[in-house]
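Here are the chains, one letter per residue:
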Amino acid sequence: MSQENHVHGTMSTTVDPHAGHTSSSMDHSGHDHSGHQMMMIMHAGLKEIIVFPGWKTNNLTDLLISCFALMIIAVSYEALKLFRDRITASRLIKNRKVEVEMQTSKIQSTNRQQTYKEKLLSIEHLIQTILHVIQFSISYFIMLAFMTYNYWLCLSILIGIGIGFFFFGVRRTKIDLNEDCH
């Protein structure tokens with residue numbers, strides 16, 4: 001029995017994104033939904049639209065390639081978190097070395113703490129900001145892919161996050177328990 005045609009009583013398992021919109025100002029004539037309605041329950045179908053209209057699976061091969069791609073994206077997400085952590089740790093170590101050198105040499109140093117403006121306009125802060133935006137974007141991308149509610153795509157993401165954390169999480173200096181709640 002096909003998941004697409006399976007209905008319990010009057011409960012529908014799909015959602016029409018335009019149901020209830022009666023305003024004449026909402027013209028959706030340019031949208032091609034090609035008969036695809038988003039499943040709002042966990043399912044194991046082969047035909048999915050993943051995040052972008054151009055990323056579609058129509059058969060098992062497409063689904064397997066998409067699962068592998070999502071797994072790689074999830075592993076990369078964990079690697080990016082380690083990379084950002086390493087940049088921060090490197091900066092902290094560098095700052096600590098300068099402080100120790102100043103204390104051991106007991107020489108009056110012309111070095112001073114950076115002002116807020118200097119920190120804000122530093123290349124290091126710019127790089128961290130760009131990496132933060134990339135990390136944030138990837139996390140939302142993963143969330144949207146997970147929201148296809150396809151068992152295989154969701155499982156691929158979870159496996160990728162698990163593999164990524166297994167290899168990269170152990171090397172991180174700080175694990176923020178709220179980091180995945182963007």
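Residues numbered from 1 in each chain as written. Predicted model: local features only at pLDDT ≥ 70, side-chain atom pairs only at ≥ 80, totals over all residues. Heavy atoms only, no water.

S.K.: I'd like a rundown of helix H3 (residues 123–146), residues and numbers included.
M.R.: Residues spaced three or four apart along an α-helix face the same direction, because each turn holds 3.6 residues. Compared with the 34 Å implied by 1.5 Å per residue over 24 residues, the 34 Å span of H3 between its first and last C-alpha is a close match. The set of residues buried in H3 consists of Gln128, Leu131, Gln135, Ile138, Ser139, Phe141, Ile142 and Ala145. (Helix = DSSP H or I, 4+ residues; strand = E, 2+ residues; numbered from the N terminus. Expected span 1.5 Å × (residues − 1). Buried < 20%, exposed > 50% of the residue type's maximum accessible area, 1.4 Å probe, protein only.)

S.K.: Before we move on, could you go through a nonpolar patch on the surface and cite the residues and values that matter?
M.R.: On the surface, Met42, Tyr151, Trp152, Leu155, Ile159, Ile163, Phe166 and Phe167 cluster together to form a nonpolar patch covering roughly 800 Å² of accessible area. Tracing the backbone through its elements, the reader meets Met42 in the loop between strand E2 (38–39) and strand E3 (48–49). (Patch = residues over 30% accessible without salt bridge, like charges linked within 9 Å, V, L, I, M, F, W, Y side chains within 5 Å. Areas by Shrake-Rupley, 256 points an atom, 1.4 Å probe, with all protein chains shown as cover. Salt bridge = Lys/Arg side-chain N within 4 Å of Asp/Glu carboxyl O.)

S.K.: Run through the pattern of salt bridges, naming residues and quoting values.
M.R.: Across all of its chains, the model carries one salt bridge by this definition. The partner of Lys81 in a salt bridge is Glu78, with the nearest N and O atoms 2.9 Å apart. Residue Lys81 and its partner Glu78 are located together in helix H1 (residues 60–105), separated by three residues, close to a single helical turn. For Glu78, a relative accessible area of 2% gives the class buried.

S.K.: Quick rundown of unusual backbone geometry? Include the residues and the values.
M.R.: Although it is not a glycine, Val51 adopts a positive phi angle of roughly 65 degrees. In this structure, Tyr149 takes a positive phi of about 60 degrees despite not being glycine. Relative to the elements of secondary structure, Tyr149 occurs in the loop between H3 and helix H4 (151–168).

S.K.: Account for the packing of aromatic side chains, naming residues and giving values.
M.R.: Aromatic ring pairs are defined here through the distance separating the ring centres and the angle between the ring planes. Overall, the coordinates contain four aromatic pairs when judged by the stated rule. Plain terms: the ring middles of Phe166 and Phe167 are 5.2 Å apart, the flat faces sit at 90 degrees to each other, and that makes the pair edge-to-face. This pair shows no difference in class: Phe166 is exposed, exactly as Phe167 is. Linked through ring pairs, Phe52, Trp55 and Phe141 together constitute an aromatic cluster. (Phe/Tyr/Trp six-rings, centres within 6.5 Å; stacked < 30°, edge-to-face > 60°.)

S.K.: Report on the confidence of the model for the protein chain, specifying residues and quantitative values.
M.R.: On average, residues of the protein chain carry a pLDDT of 78, and 66% of them reach 70 or more. Within the protein chain, the lowest mean pLDDT, 44, falls on strand E1 (residues 14–15), and the highest, 97, falls on H4. With pLDDT under 50 throughout, residues 1–33 is counted as low confidence; its partners more than four residues away or in other chains account for 21 contacts. (pLDDT = per-residue confidence, 0-100. Contact = heavy atoms within 4.5 Å.)

S.K.: Describe the side chain of Thr57, with residues and values.
M.R.: Turning to its location among the elements, Thr57 is positioned in strand E4 (residues 56–57). At 2.5 Å, the side chain of Thr57 forms a polar contact with the backbone oxygen of Leu46. Not counting chain neighbours up to four residues away, the residues in contact with Thr57 comprise Leu46, Lys47, Glu48, Ile50, Asp62, Leu63 and Ser66. (Polar contact = N/O pair within 3.5 Å; in protein donor to acceptor, adjacent residues only side chain to side chain.)

S.K.: Can you tell me about the environment of Arg84, naming the residues and giving the values?
M.R.: Mapped onto the elements of the fold, Arg84 is located in helix H1. Distance in space between the C-alpha atoms of Arg84 and Thr129 is 9.9 Å, their sequence separation being 45 residues. In this structure, Arg84 is in contact with Gln128, Leu131, His132 and Gln135, ignoring residues within four places of it in sequence. Separated by 3.1 Å, the side chains of Arg84 and Gln128 make a polar contact.

S.K.: Could you give me a rundown of the packing of H3 against H4, with the residues and numbers involved?
M.R.: Look at H3 against H4: their axes get within 9 Å of each other, and the N-to-C directions meet at 145 degrees. Handedness of the crossing formed by H3 with H4: left-handed. Here H3 contributes Ile142, Ala145 and Phe146 to the contact with H4, which in turn contributes Cys154, Ile157, Leu158 and Ile161. Residue composition of the contact of H3 with H4, grouped by class: seven nonpolar, no polar and no charged. (Axes fitted to C-alpha atoms, helices over the stretch in contact; angles between N-to-C directions. Left-handed = near helix turned anticlockwise from the far one by under 90°. Nonpolar A, V, L, I, M, F, W, Y, C, P; charged D, E, K, R; others polar.)

S.K.: Tell me what's going on with the environment of Thr129, and back it up with residues and numbers.
M.R.: Along the chain, the position of Thr129 falls in helix H3. Polar side-chain contacts of Thr129 include one of 2.8 Å to the backbone oxygen of His125.

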